[in-house]
Amino acid sequence: MYHFFQKHISLFAASVMLAACSTSPKGNPEGVVLNLDIAGLPENTQLQISLGSTQQPEEAIQTVTLVGGKAQFSFPADGPRIYEVGVPNTYGYMQVVLDKGNVATLSATAADNTREDQNKTMFEYSNQQVTGTSLQDEYLRRRVDREVFNQRYDAMWKIADKDSFEVAQKQFFTDVENTYKACFKANADSWWGPMFILNTYTYISSQNEADYNLLSEEAKQSFYGKILHDKIWPPSVVGADVPDFTFTNHADGRQTSLYQCLEGKKYLLIDFWASWCKPCRREIPNIMEQYKKYADKGFEVVSISADTNQKAWLKALDDEKLPWYNDIDGAQGIANKYKVTYYPTIYLIDANHKVVAKDIKGEELAAKLAELFK
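How each quantity is defined
- Residues numbered from 1 in each chain as written.
- Predicted model: local features only at pLDDT ≥ 70, side-chain atom pairs only at ≥ 80, totals over all residues.
- Heavy atoms only, no water.
- Helix = DSSP H or I, 4+ residues; strand = E, 2+ residues; numbered from the N terminus.
- Buried < 20%, exposed > 50% of the residue type's maximum accessible area, 1.4 Å probe, protein only.
- Areas by Shrake-Rupley, 256 points an atom, 1.4 Å probe, with all protein chains shown as cover.
- Lys, Arg positive; Asp, Glu negative; His and termini not counted.
- Charge placed at Lys NZ, Arg CZ, Asp CG, Glu CD.
- Pairing = 2+ DSSP bridges.
- Axes fitted to C-alpha atoms, helices over the stretch in contact; angles between N-to-C directions.
- Contact = heavy atoms within 4.5 Å.
- Core = buried A, V, L, I, M, F, W, Y, C linked by side-chain atoms within 4.5 Å.
- Phe/Tyr/Trp six-rings, centres within 6.5 Å; stacked < 30°, edge-to-face > 60°.
- Lys NZ or Arg CZ within 6 Å of the ring centre and 35° of its normal.
- Disulfide = S-S within 2.5 Å.
- Right-handed = clockwise from strand over helix to strand, strands pointing away.
- 1 Å grid on protein atoms, 1.4 Å probe; cavity = no way out; pocket = protein on both sides within 12 Å on 5 of 7 lines; lining within 4 Å.
- Points joined across faces, edges and corners; volume = space filled by probe spheres on them.
- Nonpolar A, V, L, I, M, F, W, Y, C, P; charged D, E, K, R; others polar.

Draft legend 1. How the structure looks around the overall build of the chain. Scanning the chain from N- to C-terminus turns up twelve helices and 15 strands. Principal-axis analysis of the C-alpha atoms places the extent of the chain at approximately 65 × 60 × 45 Å. Buried residues in the chain amount to 47% of all 374 residues. For the chain, the accessible surface area stands at approximately 18800 Å², while carbon and sulfur atoms represent 48% of it. Positive and negative side-chain charges of the chain, numbering 39 and 48 respectively, have mean locations separated by a distance of 2 Å.

Draft legend 2. Local environment of the sheet that holds strand S13 (residues 325-328). Ordered by their spatial adjacency, five strands build an open sheet running S13-S12-S11-S14-S15, and the pairing between neighbours is mixed. In the strand order of this sheet, the two ends are held by S13 and strand S15 (355-358), each with one partner. For this sheet, the mean angle separating the axes of adjacent strands, direction not counted, is 15°. Where helix H10 (residues 310-320) meets the sheet, its contacts fall on strand S11 (267-273), strand S12 (299-305) and S13, and the angle it forms with S13 comes to roughly 165°.

Draft legend 3. Spotlight on the nonpolar core. Membership of the largest hydrophobic core comes to 31 residues, with the highest contact counts inside it found for Trp192, Met195 and Leu228. Within the residue set of this core, elements represented by two or more residues are helix H1 (134-142), helix H2 (146-156), helix H3 (162-186), helix H4 (192-200) and helix H7 (223-232). Ranked by residues supplied to this core, first place goes to H3 with seven residues. Non-local contacts of Trp192, meaning those with residues more than four positions away in its chain, are made with Val97, Leu135, Glu138, Tyr139, Arg142 and Asn187.

Draft legend 4. Looking closely at the environment of Gly101. Checked against the element boundaries, Gly101 lands in the loop between strand S6 (94-98) and strand S7 (103-112). Taking the C-alpha atoms as reference, Gly101 lies 9.8 Å from Asp78; in sequence the two are 23 residues apart.

Draft legend 5. Expanded view of the packing of aromatic side chains. The tally for this structure, following the rule as stated, stands at 27 aromatic pairs. On the basis of an interplanar angle of 70° and a centroid distance of 5.3 Å, the ring pair of Tyr291 and Trp324 is categorised as edge-to-face. Taken together, the residues span a long stretch of sequence, with Tyr291 in helix H9 (residues 278-294) and Trp324 in the loop between H10 and S13 at a distance of 33 residues. Residue Trp324 is classed as buried on the basis of its relative accessible area, which comes to 5%. Measuring from centroid to centroid gives 6.4 Å for Phe299 and Phe373, while their planes differ by 75°, and the two rings are edge-to-face. Taken together, the residues Phe299 in strand S12 and Phe373 in the segment after helix H12 (362-372) connect sequence positions 74 residues apart. The two residues Phe299 and Phe373 agree in class, both being buried. Ring-pair connections join several aromatic residues into one group, and the members of that group are Tyr139, Trp191, Trp192, Phe196, Phe223 and Tyr224. One residue, Arg81, lies across the ring of Phe223, its end atom 3.7 Å from the ring centre.

Draft legend 6. Layout of the state of the cysteines. Under the definition given, this model contains one disulfide. Sulfur-sulfur distance for the disulfide between Cys277 and Cys280 comes to 2.3 Å. Disulfide Cys277-Cys280: the torsion about the S-S bond is 80°, which places it as right-handed. Accessibility assignment for this pair places Cys277 and Cys280 in one class, buried.

Draft legend 7. Just unusual backbone geometry, in detail. Cis geometry is found at the peptide bond from Tyr343 to Pro344, where omega equals -5°. With respect to the helices, strands and loops of the structure, Pro344 is situated in the loop between helix H11 (334-337) and strand S14 (345-350). We note that Lys339 has phi near 50°; this positive angle belongs to a residue other than glycine. Mapped onto the fold, Lys339 is located in the loop between H11 and S14.

Draft legend 8. Just the pairing of S13, in detail. As paired elements, S12 and S13 share four bridges and run parallel to each other. From the neighbouring strand, Ile304 faces S13, where its bridge partner is Asp327. Note that the unit made of S12, H10 and S13 has a crossover that is right-handed.

Draft legend 9. Examining the layout of surface pockets more closely. Reported here for the second largest pocket is a volume of approximately 730 Å³. Looking at the second largest pocket, it is lined by 29 residues, and the ones nearest its centre are Lys231, Pro234, Pro235, Val237 and Lys358. Elements with a minimum of two residues in the lining of the second largest pocket: H7, S14 and S15. Grouping the amino acids of the lining of the second largest pocket by side-chain chemistry returns 15 nonpolar, seven polar and seven charged.

Following this line, the structure appears as structure tokens:
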């Protein structure tokens, strides 16, 4: 699916949805320096910078504190990358493209645009300007102008006649797909191509093989090209050790760890889910059936929710009556440890903390557990 487009929620489930010369920072010739000049945020607000368009959770590279609206990031860099700058644990961020040796300045105005139904603060950033790196100008020149489509999208929903609306909607999505495909093709000879593919889609799968095949060998071997390859053809994690994590079990309020849950057990299923995720909810009855069948034989389940609205999570727990370990991820970063980028993400692990299978669901899960517990 396309992001569509930060301003809007993703629109459809089809996989199509889709400056001046740089100078080297003193004492850090292989790194980047990004000066911040941000209006509208309270004094001493923290801002963090992390890698963007990797389709996986990224830890903050650096966190700084605004003083008088100003701060500076300075960190090592391996090549041209797109970065995301924003306030930790909030919605909304700014994108900037930098290369090693750049000394750049990012200026913008921030405004709190939090809705009543959001558990996190949302900041919108306007008047964004980046100086000191030609890459940002090149990025703006190469990318698709999403605002044009945002305006068309808003206008489309004002069409009252149903038939006219359906015609306009079909044409809209066709134009969106064709425009993005043209962008990928135009940038297929360099790292820009795979970066734009990763930046455009909300989820990469085998259906993106045709996009990958457009790329030159140089593009495929780039930082973003290798990430794109592994998203289309994920390397197997079977046999890999999983990291431990601590959490607070909702039923009894006790803090425990994944490894502790495995003590005396043979296999454990980790279910990363969310109350709003329909595929997650559809899979729960199957997991419940397997749990009832094998719990007394050494099978355990731990569910970690991605919900940001605790009331919605608690209601889902009450509706589903989950009899196993449950916690909400929140700021714990458990999903980040497991590089969760979609829901549900499911890991089946053994008593030695090794992955037996990933994203195993439905009849496949039932058959695998029947084999393991025979």
